Every structure is written in C-alpha cells, then in structure tokens.
Amino acid sequence: MEPPRLYRFLRRLVGWLITHLFRVSVMGLENIPRPPYIIAANHQAWFDPAFIIPFFPERPLIYTMAKRQTVFNRAWKRRLLPLIGVFPIAPDRGQLDEQGLRTVYQVLERGGVMLIFPEGRYSRGRALRPLKNGIGYFALNAGVAISPVAVRGTDSLFPFKRIEVSIGPPVMPDPPAWWGLSLRVSTVVDRVRNAISTALNRRRT
C-alpha cells in the first residue's frame, strides 16, 4: 500500500532538516531487514522518531504509537496523526490496550513496519532502561524480525550537535511456540514407542 502523500512529504522534509541542522551519522543501513519487521529503539526524547524514520525505506509506512490522553487530545491531532502512521494507545501499567495490540498485529500482518520504544519511557541520556517484554511477544507471535536501533545525542538538541544512529543486525525470533510443542510431542511419542518396543523384546521369564 502506497504511503499517504503527507507522510512522504513530512518524512523527506524532516530528513532534510535534521541532516542540515545537526551532524547526523547513520551506520548499519545494510542491516535493515525486508518488511514486515519491528524497529526497536532506545528513547531519549519525544522527537526520536525524527532521527529514525527518515533513514529507513519510505515504503512501507512506518507506524508509531502515542498516548491517547496526551497526544490525541485535540480534534486536529486525531485527524492528522493517523495520516502519518501514528495511532492512539491507552496504556495501563505499562501494557497496551486491546485496540493497540490489535493495531500492532494488523500492521505486521499487512507487511508493514512498527517503530516501538520498548523502554516504555524516556531514558534522557541515562543508561538504557529495562525493556518491556511486549516487543518479544509481538515478534514471536507475528513471526517478524526486530531491527535494533541505538540513537545517541537526542537527550538535548542544539544546532550542529552530533547525533549518532546505529542500526544493528536484525534479531530473528525463535520458531513459533507450536514448533517447540511439536518437538516435545515427538519426544514423548518416541519414548512411548521405545517403552513398547522394549516390552515386546523383553524375554519372557
């Protein structure tokens, strides 16, 4: 599906602005996997997506999530933000709401890309916070790769500051859970077969 014109325009505009206002270096572009996949990045400030999305392919559209109460609190935001891939969530104790969960899986099922900040809140220049387990569930259940991204320098911005964006090799999820169950079932069946075979071959006393 072709991304909306507004998304493409803003992506290019933001990319031009940040590369002219800051000294941005990007490493690891060759590590970007084929869609669908999840981008997992550290989170230092609300504008982190501006230093990530422009350096990933323009197609497909990269979706992000934002709190319904604080970001989708104006009618014009509710109309504009979905056009550029932002959808609302209502997190409770660090967990996504049911609609947010459905949206993530729908994006990935359609071959799209999700940008997720698994820390759950800003680190603001400090060490990486513990990551939420949700991103692992998304990758495993959807069977998609995770593209890890590290952004340095966005905790505070000033003109011509050096910003580093590093894209690591994709993290591939383990086989689906049912593969493991199938293997365990096969092991049990083999043990039963061996027990029966042993009993059949045991000499009668």
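Residues numbered from 1 in each chain as written. Predicted model: local features only at pLDDT ≥ 70, side-chain atom pairs only at ≥ 80, totals over all residues. Heavy atoms only, no water.

**Student:** Break down the sheet that holds strand β5 (residues 113–116) for me, with residues and values.
**Tutor:** Pairing in this open sheet of 7 strands is mixed, and the strands run β1-β7-β6-β2-β5-β3-β4 from one edge to the other. Unpaired on one side and paired on the other, β1 (23–27) and β4 (86–89) mark the two borders of the sheet. Averaged over all adjacent pairs, the angle separating strand axes in this sheet is 25°, with direction ignored. As judged from the 4 bridges shared by strand β6 (residues 145–152) and strand β7 (residues 162–167), these two strands associate in the antiparallel manner. Counterpart to Arg152 in the pairing with β7 is Glu164. Relative to strand β2 (residues 37–41), helix α4 (residues 134–142) is tilted by about 165°, and along the sheet it contacts β2, β5 and β6. (Pairing = 2+ DSSP bridges. Helix = DSSP H or I, 4+ residues; strand = E, 2+ residues; numbered from the N terminus. Axes fitted to C-alpha atoms, helices over the stretch in contact; angles between N-to-C directions. Contact = heavy atoms within 4.5 Å.)

**Student:** Help me get a handle on helix α3 (residues 98–109), residues and values and all.
**Tutor:** The terminal C-alpha atoms of α3 lie 17 Å apart, and with 12 residues this matches the ideal 16 Å at 1.5 Å per residue to within 8%. Those residues of α3 that fall on the buried side of the exposure criterion are Gly100, Thr103, Val104, Val107 and Leu108. Take α3 and look down its axis: the buried residues cluster within an arc of 130°, on one side only. In α3, those exposed residues whose orientation departs by more than 90 degrees from the buried face are Glu98 and Glu109. The elements touched by buried residues of α3 are β2, β3 (62–67), β4, β5 and α4. (Expected span 1.5 Å × (residues − 1). Buried < 20%, exposed > 50% of the residue type's maximum accessible area, 1.4 Å probe, protein only. Arc of directions from axis to C-beta.)

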